[in-house]
Amino acid sequence: MQDAKSSYTRSMSIVRNIAAISKGMSITFKEMFQPTEVENYPDGPGPTRGAVLQERFRGAHVLQRDENGLEKCVACFLCAAACPSNCIYIEAAENTAENRISSSERYAKVYNIDYNRCIFCGYCVEACPTDAITHGHGFELASLNATNLVMRKEDMLVPSVGMPGELAAHSDSIK
């Protein structure tokens, strides 16, 4: 009796395995003949070239300017202090009457973010009292060279072209 029961269990096990494999293969064959759905990332239009970004996406950092075209960063070091991975390096300098970089008395002479260490947590953005640093939509940060992943202030700063104060000064020089 025991022998008949064990042979029945073995044969049912084989049948179940064959059924599971055939079910999996049927799904595979069904999907094989369906059209492929892809986003048009590498060749799409616009700055993101077809990539769809969510509203809360945390991309590469951007240093903002105020409405006069001056840098918002006042070198308070709060972003560097809030960073858990210690990837932000800042050197402060004093503004002068002749050379005005920010609206405050200090500005960030050096502002580096090491993306080799950055975890994109957003603590630096939350800590900034002047909203000088934000997350942008840049997502192509991959590099084979680790030194290319240290972003400097010049790389992250929003261009000053198109700011109201600069447009007026630029239009005066054209006339």
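Since we're looking at a predicted model, the values are computed, not measured. (Residues numbered from 1 in each chain as written. Predicted model: local features only at pLDDT ≥ 70, side-chain atom pairs only at ≥ 80, totals over all residues. Heavy atoms only, no water.)

1. Quick look at the overall build of the protein
Tallying secondary structure elements over the protein gives five helices and five strands in all. For the protein, the N- to C-terminal ordering of α and β elements is α-β-α-β-β-α-β-β-α-α. Of all 175 residues assigned to the protein, the portion counted as buried reaches 27%. As displayed, the protein has an accessible area near 12500 Å², and 56% of this comes from carbon and sulfur atoms. (Helix = DSSP H or I, 4+ residues; strand = E, 2+ residues; numbered from the N terminus. Buried < 20%, exposed > 50% of the residue type's maximum accessible area, 1.4 Å probe, protein only. Areas by Shrake-Rupley, 256 points an atom, 1.4 Å probe, with all protein chains shown as cover.)

2. A word on the environment of Met151
Note that Met151 resides in strand 5 (residues 150–151). Separated by 91 residues in sequence, Met151 and Ala60 have C-alpha atoms that sit 9.3 Å apart.

3. Digging into the pattern of salt bridges
Tallied over the full model, the rule gives one salt bridge. The salt bridge partner of Lys153 is Glu71, with a shortest N-O separation of 2.9 Å. With Lys153 in helix 4 (residues 153–156) and Glu71 in the loop between strand 1 (61–63) and helix 2 (78–82), this pair connects stretches of sequence that are 82 residues apart. Residue Glu71 is classed as buried on the basis of its relative accessible area of 8%. (Salt bridge = Lys/Arg side-chain N within 4 Å of Asp/Glu carboxyl O.)

4. What to know about the nonpolar core
Ile88, Ile90, Tyr111, Ile113, Tyr115, Ile133 and Met156 are the most contacted members of the largest nonpolar core, which has 23 residues in total. For this core, the element with the most residues is strand 3 (residues 106–114), which contributes three residues. (Core = buried A, V, L, I, M, F, W, Y, C linked by side-chain atoms within 4.5 Å.)

5. Some thoughts on the side chain of Asn95
Within the secondary structure layout, Asn95 lies in the loop between strand 2 (88–94) and strand 3. Classification of Asn95 as buried rests on a relative accessible area of 11%. In terms of polar contacts, Asn95 uses its side chain to reach the backbone amide nitrogen of Ile101, at 2.9 Å. With residues near it in sequence (within four places) discarded, Asn95 still touches Arg100, Ile101, Ser102, Ser104, Glu105, Arg106 and Tyr107. (Polar contact = N/O pair within 3.5 Å; in protein donor to acceptor, adjacent residues only side chain to side chain. Contact = heavy atoms within 4.5 Å.)

6. Focus on the sheet that holds strand 5
In space, the three strands of this open sheet follow the order 2-3-5, with antiparallel pairing throughout. Each edge of the open sheet is held by one strand with a lone partner, namely strand 2 and strand 5. (Pairing = 2+ DSSP bridges.)

7. Let's talk about the confidence of the model for the protein
The predicted model of the protein averages 86 in pLDDT, with 87% of residues at 70 or higher. Per-residue pLDDT, averaged within each element of the protein, yields its smallest value for helix 5 (residues 164–174) (40) and its largest for helix 2 (97). Overall, residues 163–175 carries pLDDT values under 50, and its contacts beyond four positions in sequence, including any with other chains, amount to eight contacts. (pLDDT = per-residue confidence, 0-100.)

8. Topic: unusual backbone geometry
At Ala75, a position not held by glycine, the phi torsion is positive, near 55 degrees. Mapping Ala75 onto the fold places it in the loop between strand 1 and helix 2. In this structure, Phe120 takes a positive phi of about 55 degrees despite not being glycine. Residue placement: Phe120 occurs in the loop between strand 3 and helix 3 (123–127).

9. Some details on a nonpolar patch on the surface
A grouping of Ile21, Met25, Phe29, Met32 and Phe33 is seen on the molecular surface, where their side chains present a nonpolar patch of about 580 Å² in accessible area. One can find Ile21 in helix 1 (residues 2–32). (Patch = residues over 30% accessible without salt bridge, like charges linked within 9 Å, V, L, I, M, F, W, Y side chains within 5 Å.)

10. Observations concerning the environment of Glu55
Note that Glu55 resides in the loop between helix 1 and strand 1. Sequence separation of Glu55 and His137 is 82 residues, and the distance between their C-alpha atoms is 9.6 Å.

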